[in-house]
Amino acid sequence: MAQTPDTILKELRGKKFRPLYFLHGDEPYFIDSIAEELENKVVPESERGFNQFVLYGKDTDVAGVLSYARRFPFMAERQLVLVKEAHRLNGIEQKEQQQRLEDYALNPVPSTVLVFCYHANADERKSYLKACNANGVVVQSKKMYDNKLPDWVGSFCQHEGVKISPKAVQMLVDNIGNDLKRLSNEIRKIMVNLRVDEGIDAAAIEKFVGISKEYNVFEFQKALMHRDVLKANQIAAFFASNSKDNPLAPVLIILFGFFSKLLLTHAARDKSEKGLAAELGVNPYFVKDYLLAARNYPMGKVANIIHYLRECDGRLKGLDGTSIPEGELLRELVFKIVH
């Protein structure tokens, strides 16, 4: 059966290897992470010159890959054949080539670990992939939903051995989004600059990720939450004057998520910290923010704000047939929200 990237990574860290891996999907981070783990673990460093082969799809075909896979390791327990950019493998979409791959997958060489890094979504109903799954493993790497990102950042930091505050998690997620490669790189960049006993807090995010201390989307959301008209307009003006670095579209996504959760806050029967955290899918640390915002924005006003956000998104995309500068759209949106 198909397995998750986390399951396979745990196997590899325990030095359990399969003869065949087919890694596919639209999230490159997990594909690359598994491939990197295989490169580091399958063949000892002293044996890699003779028993580790990295091929590129655009430079070879299925027959060429299988010729490497059918070799036996040179004075070693196993060899690794890693095919990067396998979605560009010559003939991979041809039935005849898929049949060759299926034939190999039904009887793989036990001393070879053959890995396909297929950076696209493959059809797991294909018989060659079913064969890969029967004697190896097929892993789909899916884009992560935004509401899962805070938990992923927390888990990643735990694995890396560093503590991170809830506010720092939210700042990273709000400003970087679901680019897992960039998120992981930014976290590691921060870790390099920390003392051994230090964790990642909001100040570290501001200092090392290059987010303005006063003028960022996290502070913008906070100003709106408090219905702080002056601060919200100051940040909106800053965004308008730096639209290249602060595009409106991601801001709208973040605000839509916040006010949608605020609507759920109003509707929730259990308004305890634990109950709301579960209902909203947020860290309990942030429940007080939603309760504060709920006092500042009645349910009817929140419903109107969600309408304003959808309207602004449509105008940003030119659906009304006009072209309005992002800064002007944002200033108008702020006025509608806070008044």
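All residue numbers refer to positions counted from 1 along the written sequence of the respective chain. Only residues with pLDDT of at least 70 are given local features in this predicted model, and only at 80 or more are side-chain atom pairs given and counted; all residues enter the totals for whole chains, interfaces and linings. Only hydrogens and water are removed before side-chain values are computed, so all heavy atoms of the structure are retained for them.

As annotated in an unreviewed UniProt entry, the protein carries the name DNA polymerase III subunit delta and is attributed to Dyadobacter soli. UniProt positions are given in the numbering used here, feature names are shortened, and annotations may be inferred rather than shown by experiment. Check the Catalytic activity (unreviewed entry) section of the UniProt entry for the protein; it says "DNA(n) + a 2'-deoxyribonucleoside 5'-triphosphate = DNA(n+1) + diphosphate".

So, about the pattern of salt bridges. Here a salt bridge means any side-chain nitrogen of Lys or Arg lying within 4 Å of a carboxyl oxygen belonging to Asp or Glu. Within this structure, the stated rule accounts for 19 salt bridges. Ionic pairing is found between Arg182 and Glu186, a salt bridge with its closest N-O pair at 3.8 Å. A residue pair is termed a helical-turn pair when its members lie 3 or 4 positions apart in one helix, as Arg182 and Glu186 do in helix H9 (residues 180-192) at four residues. Note on Arg182: relative accessible area 37%, which makes it partly exposed. Buried, partly exposed and exposed residues are distinguished by accessible area as a fraction of the type maximum, computed with a 1.4 Å probe on protein chains only: under 20%, between the cut-offs, and over 50%, respectively. Residue class for Glu186 comes out buried when judged on its relative accessible area of 10%. What counts as a helix is a DSSP run of H or I of at least four residues, what counts as a strand is a run of E of at least two, and both are numbered from the N terminus.

Here we take up the packing of helix H13 (residues 248-267) against helix H15 (residues 287-296). Pairs of packed helices are described in terms of their axes, by the angle between the two and the distance that separates them. Interaxial angle, 0 to 180 degrees, is taken between N-to-C directions of lines fitted to C-alpha atoms, where a helix line uses only the stretch in contact. Put simply, H13 and H15 touch, their axes get as near as 9 Å, and they point 80° apart. When the axes of H13 and H15 are compared, the pair comes out roughly perpendicular. In this structure, H13 uses Phe258, Lys261, Leu262, Thr265 and His266 to contact H15, whose residues at the interface are Tyr290, Leu291, Ala293 and Ala294. Amino acids outside the nonpolar list (Ala, Val, Leu, Ile, Met, Phe, Trp, Tyr, Cys, Pro) and the charged list (Asp, Glu, Lys, Arg) are all regarded as polar, and Gly is one of them. Grouping the amino acids of the contact of H13 with H15 by side-chain chemistry returns six nonpolar, two polar and one charged. In what follows, roughly perpendicular refers to angles from 65 to 115 degrees, roughly parallel to angles under 35, roughly antiparallel to angles over 145, and oblique to any angle outside these ranges. The contact criterion used throughout is that any non-hydrogen atoms of two residues lie within 4.5 Å.

What follows concerns the pairing of strand S4 (residues 112-118). Burial analysis of S4 places seven of its seven residues in the buried class, the great majority of the element. Burial along S4 is two-sided: the face carrying Thr112, Leu114, Phe116 and Tyr118 and the face carrying Val113, Val115 and Cys117 are both buried. Whether two strands pair depends on DSSP finding at least two bridges between them. Two elements, strand S1 (residues 20-25) and S4, share five bridges in a ladder whose sense is parallel. Residue pairing in the sheet places Tyr21 in a bridge with Val115 of S4. Bridge analysis of strand S3 (residues 79-84) against S4 gives five bridges, and the strand direction is parallel. From the neighbouring strand, Gln79 faces S4, where its bridge partner is Thr112. With its strands directed away from the observer, a crossover is right-handed exactly when the path from the first strand over the helix to the second travels clockwise. Between the parallel elements S3 and S4, the chain passes through helix H5 (residues 95-106) in a crossover that is right-handed.

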